[in-house]
Amino acid sequence: MWFATANGLNKYDGYEFEIFQHSDYDSCSIPQSIVSDIYEDSYGIIWIATGNGLSRYNRDQNNFKNYYPDTTSNSILGRIIHSIVEDNNNNLWIATIDGINLYNRDMDSFTQYSYQSQNLQKFFPTNLYGDMITDKNNNLWIGSIEYGLLMYNINTQKFTQYKLDNFESGKQANSSVTSLELIDEILWVGTLDNGIFKFDIGHSEGNVLNHYKYSPQNPQSISNNNICLLYTSDA
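Keep in mind that this is a model prediction, so the values were computed, not measured.

Definitions and cut-offs
Residues numbered from 1 in each chain as written. Predicted model: local features only at pLDDT ≥ 70, side-chain atom pairs only at ≥ 80, totals over all residues. Heavy atoms only, no water. Helix = DSSP H or I, 4+ residues; strand = E, 2+ residues; numbered from the N terminus. Buried < 20%, exposed > 50% of the residue type's maximum accessible area, 1.4 Å probe, protein only. Contact = heavy atoms within 4.5 Å. Areas by Shrake-Rupley, 256 points an atom, 1.4 Å probe, with all protein chains shown as cover. Pairing = 2+ DSSP bridges. Axes fitted to C-alpha atoms, helices over the stretch in contact; angles between N-to-C directions. Core = buried A, V, L, I, M, F, W, Y, C linked by side-chain atoms within 4.5 Å. Polar contact = N/O pair within 3.5 Å; in protein donor to acceptor, adjacent residues only side chain to side chain. 1 Å grid on protein atoms, 1.4 Å probe; cavity = no way out; pocket = protein on both sides within 12 Å on 5 of 7 lines; lining within 4 Å. Points joined across faces, edges and corners; volume = space filled by probe spheres on them. Nonpolar A, V, L, I, M, F, W, Y, C, P; charged D, E, K, R; others polar. Salt bridge = Lys/Arg side-chain N within 4 Å of Asp/Glu carboxyl O.

**Q** Describe the overall build of the protein, naming the residues involved and giving the relevant values.
**A** What the protein contains, in helices and strands, is zero helices and 19 strands. Evaluated residue by residue, the protein yields a buried proportion of 46% over its 235 residues. Taking the contacts inside the protein whose residues are at least 6 apart along the sequence as the reference set, 45% of them involve residues at least 24 apart. For the protein, the accessible surface area stands at approximately 12700 Å², while carbon and sulfur atoms represent 44% of it.

**Q** Got a sec to walk through the pairing of strand β5 (residues 46-50)? Specific residues and values, please.
**A** Most of β5 is tucked away: five of the five residues are buried. Side chains I46, I48 and T50 of β5 all project onto a buried face; the interleaved residues W47 and A49 project onto the opposite face, where all are buried too. Counting the residues between successive antiparallel strands, the hairpin from strand β4 (residues 35-40) to β5 contains five residues, one of them, G44, with a positive phi of roughly 80°. Note that β5 and strand β6 (residues 53-58) share four bridges and pair antiparallel. Directly across from A49, in β6, lies its bridge partner L54. Here β5 hands over to β6 after two residues, the two strands then running antiparallel side by side.

**Q** Before we move on, can you summarise the sheet that holds strand β15 (residues 158-162) with the specific residues and values?
**A** Taken in spatial order, the four strands line up as β12-β13-β14-β15 in an open sheet, and their pairing is antiparallel. Two strands in the sheet have a free side with no partner beyond their single neighbour: β12 (131-134) and β15. Across the sheet, the mean angle separating the axes of adjacent strands is 20° when strand polarity is ignored. Sheet analysis places strand β14 (residues 148-153) next to β15, joined by five bridges and oriented antiparallel. Its bridge partner being in β15, L150 is matched across the sheet by Q161.

**Q** Let's hear about unusual backbone geometry: which residues, and what values?
**A** For D108, which is not glycine, the phi dihedral falls at a positive 55°. By relative accessible area, D108 is classed as partly exposed at 25%. Within the chain, N138 stands out as a residue other than glycine whose phi angle is a positive 70°. Residue position: N138 is located in the loop between β12 and β13 (139-144).

**Q** I'd love a proper account of the nonpolar core, names of residues and values included.
**A** Ranked by internal contacts, the top residues of the largest apolar core, which has 16 residues, are W93, I100, Y152 and F159. I100 has contacts with W93, I94, A95, T111, Q112, Y113, Y115, M132, L140, I142, Y152 and F159, leaving out every residue within four places of it along the chain. Judged by nonpolar contacts, the second largest core, of 14 residues, contains Y162, L164, L187 and F197.

**Q** Give a detailed account of the sheet that holds strand β9 (residues 92-96), specifying residues and quantitative values.
**A** If you trace the four strands from one edge of the open sheet to the other, you get β8-β9-β10-β11, paired in antiparallel fashion. The sheet is open, and its two edges are formed by β8 (81-86) and β11 (109-114), each paired on a single side. Between one strand axis and the next, the sheet turns by 25° as a mean value, whatever way the strands run. Bridging between strand β10 (residues 99-104) and β11 involves six bridges; their strand directions are antiparallel. Looking at β11, one finds that Y103 is bridged to F110.

**Q** Residues and numbers for the side chain of T96, please.
**A** Relative to the helices and strands, T96 resides in strand β9. Within polar-contact distance, the side chain of T96 engages the backbone oxygen of L77 at 2.7 Å. Here D98 takes part through its backbone nitrogen, which lies 3.1 Å from a polar atom of the side chain of T96. Among all residues touching T96, those that are not within four sequence positions of it are L77, G78, I80, I81, H82, N101 and Y115.

**Q** Kindly report on the layout of surface pockets, identifying the contributing residues and their values.
**A** Here the largest pocket is characterised by a volume of approximately 610 Å³. When residues of the lining of the largest pocket are traced back to their parent elements, those giving at least two are β4, β8, β12 and β16 (177-183). Residue classes in the lining of the largest pocket are distributed as 16 nonpolar, seven polar and three charged.

**Q** Report on the pattern of salt bridges, specifying residues and quantitative values.
**A** Side chains that differ in charge, positive against negative, can pair when their charged atoms come close. For the structure on display, the rule yields seven salt bridges. E18 is the salt-bridge partner of K11, the closest N and O atoms lying 3.7 Å from each other. Overall, the relative accessible area of 22% leaves K11 in the partly exposed class. With its nearest N and O atoms 2.9 Å apart, the salt bridge here joins E86 to R105. Note that E86 is positioned in strand β8 and R105 in the loop between β10 and β11, a separation of 19 residues in sequence. The exposure class assigned to E86 is buried, which follows from its relative accessible area of 9%.

Keep in mind that these numbers describe shape and distance, not what the molecule does.
Written out as structure tokens, the structure reads:
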């Protein structure tokens, strides 16, 4: 088992923990000890997202190959990595604060898709992390603190930015997104200090079905509006 922590990557073999931390004297250590995501792809490769670059775990050497942004167009775009996911065709995508990246396995390089090039609206200037998932139509749904809820159409290579309106007042709400969970065509969207939105992705322009917020007058409401993680259990 692997554990992402704020002070290193932890590997547990059933008996003891092995802790991987960044070292300025070891280029094969992880880029930073703050780890935000761990993903094992369909090829059995373990990828690690950090606040200072992306890592690929080398099982044979028990160390890491690291990827950092540079001035070339085939490097990874963005130093702060949010999340890692594969699409329905086993393509690996990496979300950062600056955009998303498609990993080229044959060339060991990246194709960059920048948020800035799409003239997206920023909601909240911060380097906090977000989330990313895929739907059955092979679209990428990206939750970002800075840019809110985004959908990336892989076929058209275009971003769509969705504004999450307050379900009761109809006014635009804080759209900074921290976590996503998809059940059929219902996307559950956790936000930064604005509760949870129930969002219909089957609607052509997206449709907020409900908005769940903490209310001191309602003991059945959620306990806090700052959502850290959404997760679907089997029961």
